[in-house]
Amino acid sequence: MAVLEKKSSQHSIELEDKYGAHNYHPLPVVLNKGDGVYVWDVEGKKYYDFLSAYSAVNQGHCHPKIVGAMVNQAQTLTLTSRAFYNDKLGEYEKFATEFFGFDKLLPMNTGAEAVETALKLCRKWAYEKKGIPENEAQIIVCENNFHGRTTTIISFSNDPVARKNFGPYTTGFIKIEYDNLNALKEALENNENIAGFLVEPIQGEAGVYVPSDDYLSKAKALCEKYNVLFIADEVQTGIARTGRLLATCGNCSCANKNCSGTPEVKPDVLILGKALSGGAYPVSAVLADDHIMEVIKPGSHGSTFGGNPVAAAVAVAALEVVRDEKLAENAFVLGELFRSELNTYIEKSNIISLVRGKGLLNAIVINDSEESETAWNICMALKENGLLAKPTHGNIIRFAPPLVMNREQLLECVNIITKTLSEFE
Ligand SMILES: *Cc1c(COP(=O)(O)O)cnc(C)c1O
């Protein structure tokens, strides 16, 4: 029996290998079921999911309320295109704009599409509102950014693998060091054609780099001074992941109360994706106030699936779960616990040098070179011990479990992680 079962996992891997493009390098585990903080492989082994589909499954796998909303809507009406109205989109737009505190929402499907939308919105605003001469607009981005995979987005990436042989590249971007206010100031000072500053409040893919405490608020103030749009890519950091509804919420103390109050740093343009649907369906969005969003006119931008009734119903349910189950508060408290437990371990560890993060978006840095296999090997051992995580870069492992986790489960996970690490000391 065991041999037969083993085969089924191997079979799935072989199928993907033979018939699928090799654009990922997955951990060799084949999953076929998820529930809350757990996933199961085809052999029936149960794991804690410590990736949450790159923070798309913040609300936990197969959340009944989200799945219920999806199934219900799928049996009623799935797609009309925006050539006609549907009765769900407006309700969702009202709900989400009130939830996040913006005038308007532009619905898309994937994170990369939402980033593209934000860039187009920013450029159009720059020409029509700021008065930048046509085709001269520049957008400032940060080194080591990750904003998705379209041709324009990889044009301003500095990941050689993401870029190589995909040129010619889109122009109009200036790259500065992340978490460096002077660099931002210099870029803004001597250039009248800057339209926007696109930034991740925490650089997730780069390895969970948390900027200095005042970085975002001071960057926002600089943007205001130079009439430049502050564009926050919260595709990964948003929707309660970092212990706040948004990472740009700063210290608005919403760990204690319902966080849909005024954020400490209100972006001019907010980009959401991933957990906006709880991982049930591709749903992304760009939010902005009227004086910005009004440059978008019929015909200037669109998407066949963007704003479809299934997406709208799913997104409302996904946000209600975040609010009703107090996921931001939970992520805040469990995040503090996770880092303090790991810091205790680190005191006597040679294999990991530090843990960093906010809420339940954390990473550990392995005491080895970026080229070493250690982080991958640790992830393989974690898998054996019942916990799934993946290196972000050579020697960094990201830990981002679903936010519906409880204290007891988190402590069990800490045990699995420290026990596994000790095998490598
Ligand atoms: C995942 C991610 C994206 C891209 O989202 P896709 O849905 O994969 O296109 C963009 N920005 C950030 C910060 C992300 O983490």
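About the cut-offs
Residues numbered from 1 in each chain as written. Predicted model: local features only at pLDDT ≥ 70, side-chain atom pairs only at ≥ 80, totals over all residues. Heavy atoms only, no water. Helix = DSSP H or I, 4+ residues; strand = E, 2+ residues; numbered from the N terminus. Rg over C-alpha atoms; globule rule 2.2 N^0.38 Å. Buried < 20%, exposed > 50% of the residue type's maximum accessible area, 1.4 Å probe, protein only. Contact = heavy atoms within 4.5 Å. Areas by Shrake-Rupley, 256 points an atom, 1.4 Å probe, with all protein chains shown as cover. Phe/Tyr/Trp six-rings, centres within 6.5 Å; stacked < 30°, edge-to-face > 60°. Lys NZ or Arg CZ within 6 Å of the ring centre and 35° of its normal. Pairing = 2+ DSSP bridges. Axes fitted to C-alpha atoms, helices over the stretch in contact; angles between N-to-C directions. Right-handed = clockwise from strand over helix to strand, strands pointing away. Near = heavy atom within 4 Å. Polar contact = N/O pair within 3.5 Å; in protein donor to acceptor, adjacent residues only side chain to side chain. Nonpolar A, V, L, I, M, F, W, Y, C, P; charged D, E, K, R; others polar. Parallel < 35°, antiparallel > 145°, perpendicular 65-115°, else oblique. Salt bridge = Lys/Arg side-chain N within 4 Å of Asp/Glu carboxyl O.

Once that is clear, we can look at the overall build of the protein chain. A tally of helices and strands in the protein chain yields 14 helices and 15 strands. The C-alpha radius of gyration of the protein chain comes to 22 Å, within 12% of the 22 Å expected for a compact globule of 425 residues. Overall size of the protein chain, expressed as C-alpha extent along the three principal axes, is 65 × 55 × 50 Å. Burial analysis of the protein chain (425 residues in total) assigns 55% to the buried set. Within the protein chain, contacts between residues at least 6 apart in sequence are counted, and of these 72% link residues at least 24 apart. Accessible surface for the protein chain amounts to roughly 19300 Å². Of this, 51% is attributable to carbon and sulfur atoms.

Let us now look at unusual backbone geometry. Of the consecutive residues Gly167 and Pro168, the connecting peptide bond is found in the cis state with omega at 0°. Its location among the elements puts Pro168 in the loop between helix H7 (160–163) and strand S6 (173–176). The backbone of Ala53 shows a phi angle near 50°, a positive value even though the residue is not glycine. As for its position among the elements, Ala53 is in helix H2 (residues 52–55).

Another aspect to go through is the packing of aromatic side chains. Scanning the model with the defined rule gives 10 aromatic pairs in all. A centroid spacing of 6.2 Å and a plane angle of 45° characterise the contact between Phe50 and Phe338, whose relative ring orientation is tilted. Taken as a pair, Phe50 in the loop between strand S3 (46–49) and H2 and Phe338 in helix H12 (residues 327–346) lie far apart in primary sequence, 288 residues in all. We note that Phe50, like Phe338, is buried. Ring pairs connect the aromatic residues Tyr38, Trp40 and Tyr48, which therefore count as one cluster. The residue whose ring lies beneath Lys46 is Tyr38, and the NZ or CZ to ring-centre distance is 4.0 Å. Just above the ring of Tyr209 sits the side chain of Arg356; from NZ or CZ to the centre is 4.0 Å.

As a further point, take the sheet that holds strand S10 (residues 284–288). Strand order in the open sheet made by the 7 strands is S4-S10-S9-S8-S7-S5-S6, with mixed pairing throughout. Every interior strand has two partners, whereas the edge strands, strand S4 (104–108) and S6, have only one. Direction aside, the axes of adjacent strands within the sheet are offset by 20° on average. Strand direction decides the pairing type here: strand S5 (residues 138–142) and S6, joined by 4 bridges, are parallel. The residue bridging Ile140 from the neighbouring strand is Ile174, located in S6. Strands S4, strand S9 (269–272) and S10 of the sheet are contacted by helix H4 (residues 89–100), whose axis makes an angle of about 120° with S4.

What follows deals with the pairing of strand S7 (residues 194–199). Across the 6 residues that make up S7, a large majority, 6, are buried. Two elements, S5 and S7, share 3 bridges in a ladder whose sense is parallel. Counted as the bridge partner of Gln138 is Ile194 from S7. The pairing of S7 with strand S8 (residues 229–233) spans 4 bridges and is parallel. Each residue of the ladder has a partner; that of Phe197, found in S8, is Phe230. Traced from S7 through helix H9 (residues 215–225) to S8, the parallel crossover comes out right-handed.

Around the ligand sit Thr110, Gly111, Ala112, Phe146, His147, Gly148, Glu200, Asp233, Val235, Gln236 and Lys274, and that is every residue in its neighbourhood. Take Ala112: an N or O atom from its main chain is 2.8 Å from an oxygen atom of the ligand. Between Gln236 and the ligand, the recorded distance is 2.8 Å, taken from a side-chain N or O atom to an oxygen atom. Classifying every residue of the shell around the ligand gives 3 nonpolar, 5 polar and 3 charged.

Moving on: the environment of Phe156. One can find Phe156 in the loop between helix H6 (151–155) and H7. Classification of Phe156 by relative accessible area gives buried; the value is 1%. Residues Phe156 and Leu382 lie 226 residues apart in sequence; the distance between their C-alpha atoms is 34 Å. Ignoring any residue separated from it by four or fewer positions in sequence, one finds Phe156 in contact with Leu119, Val141, Asn145, His147, Arg163, Phe173, Lys175 and Leu198.

Let us look at the packing of helix H8 (residues 181–189) against H9. Between H8 and H9, the least distance of the axes is 10 Å, while the angle of their chain directions is 10°. Taken together, the axis directions place H8 and H9 in an arrangement best described as roughly parallel. Seen from H8, the contacting residues are Leu181, Leu184, Lys185 and Leu188; seen from H9, they are Tyr215, Lys218, Ala219, Leu222 and Cys223. Split by residue class, the contact of H8 with H9 holds 7 nonpolar, no polar and 2 charged.

Moving on, we come to the pattern of salt bridges. Under the definition given, this model contains 16 salt bridges. For Lys94, the salt bridge identified is with Glu98, shortest N-O distance 3.2 Å. Within this pair, Lys94 and its partner Glu98 are both found in helix H4, separated by 4 residues, close to a single helical turn. Here Lys94 and Glu98 have matching classes, each one exposed. Glu205 is the partner of Arg398 in a salt bridge, and the nearest nitrogen-oxygen pair spans 2.7 Å. Taken together, the residues span a long stretch of sequence, with Arg398 in strand S15 (residues 396–399) and Glu205 in the loop between S7 and H9 at a distance of 193 residues.

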